[in-house]
Amino acid sequence: VHIRMQQRNGRKSWTTVQGFPDQVRLPKSGKVLKVDFDKILRALKKTFKTNGTLIRDEEHGTIFQLQGDIRREVAEFLIDATAIITRDQVMIHGS
């Protein structure tokens, strides 16, 4: 999972999250469940009080795009709150 900050104009910026898995295998039962990207985006927007959007791309998969430079906070949220990814799977660029 790659978390980047992209400069817009002036002091404005985007935080993008790319490479998030589409499916998750449950550890005990072994069931494979689809990841609800809309629900995760809604939780991110509500937690960090910012706007965001989902970009579905053929080459790069699903990309979260959030307003502001919140790379570290987003990484902590995705690791702790969702528990879908681990700390060693996250790469924060540009910090």
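Please refer to the structure higher up on the page.
Keep in mind it's a predicted model, so treat the numbers as computed, not measured. (Residues numbered from 1 in each chain as written. Predicted model: local features only at pLDDT ≥ 70, side-chain atom pairs only at ≥ 80, totals over all residues. Heavy atoms only, no water.)

Enquirer: Got a minute to help me understand the pattern of salt bridges in this structure?
Expert: Once their charged atoms are close, side chains differing in charge can pair, the charge on each being opposite to the other. The final tally for this structure, using the stated rule, is two salt bridges. D69 is paired through a salt bridge with R71; the nearest N and O atoms lie 2.9 Å apart. Given a relative accessible area of 10%, R71 falls into the buried group. Across the salt bridge formed by E76 and R87, the nearest N and O atoms sit 3.0 Å from each other. In this pair, E76 is assigned in helix 2 (residues 71-82) and R87 in the loop between helix 2 and strand 7 (91-92), connecting sequence segments 11 residues apart. (Salt bridge = Lys/Arg side-chain N within 4 Å of Asp/Glu carboxyl O. Buried < 20%, exposed > 50% of the residue type's maximum accessible area, 1.4 Å probe, protein only. Helix = DSSP H or I, 4+ residues; strand = E, 2+ residues; numbered from the N terminus.)

Enquirer: Mind showing me how you'd approach the pairing of strand 2 (residues 13-18) here?
Expert: If a strand is regular, its side chains alternate between the two faces of the sheet. The element strand 2 is largely enclosed, with a buried count of five among its six residues. By the bridge criterion, six bridges tie strand 1 (residues 2-7) to strand 2 in an arrangement that is antiparallel. Its bridge partner being in strand 2, M5 is matched across the sheet by T15. Between the end of strand 1 and the start of strand 2, which pair antiparallel, lie five residues, with G10 showing a positive phi angle near 65°. (Pairing = 2+ DSSP bridges.)

Enquirer: Honestly, the side chain of T15 in this entry has me stumped. Any pointers?
Expert: You can see T15 is positioned in strand 2. Look at T15 and you get buried, because its relative accessible area is 0%. Reaching out from T15, the side chain makes a polar contact with the backbone nitrogen of I70 at a distance of 3.0 Å. (Polar contact = N/O pair within 3.5 Å; in protein donor to acceptor, adjacent residues only side chain to side chain.)

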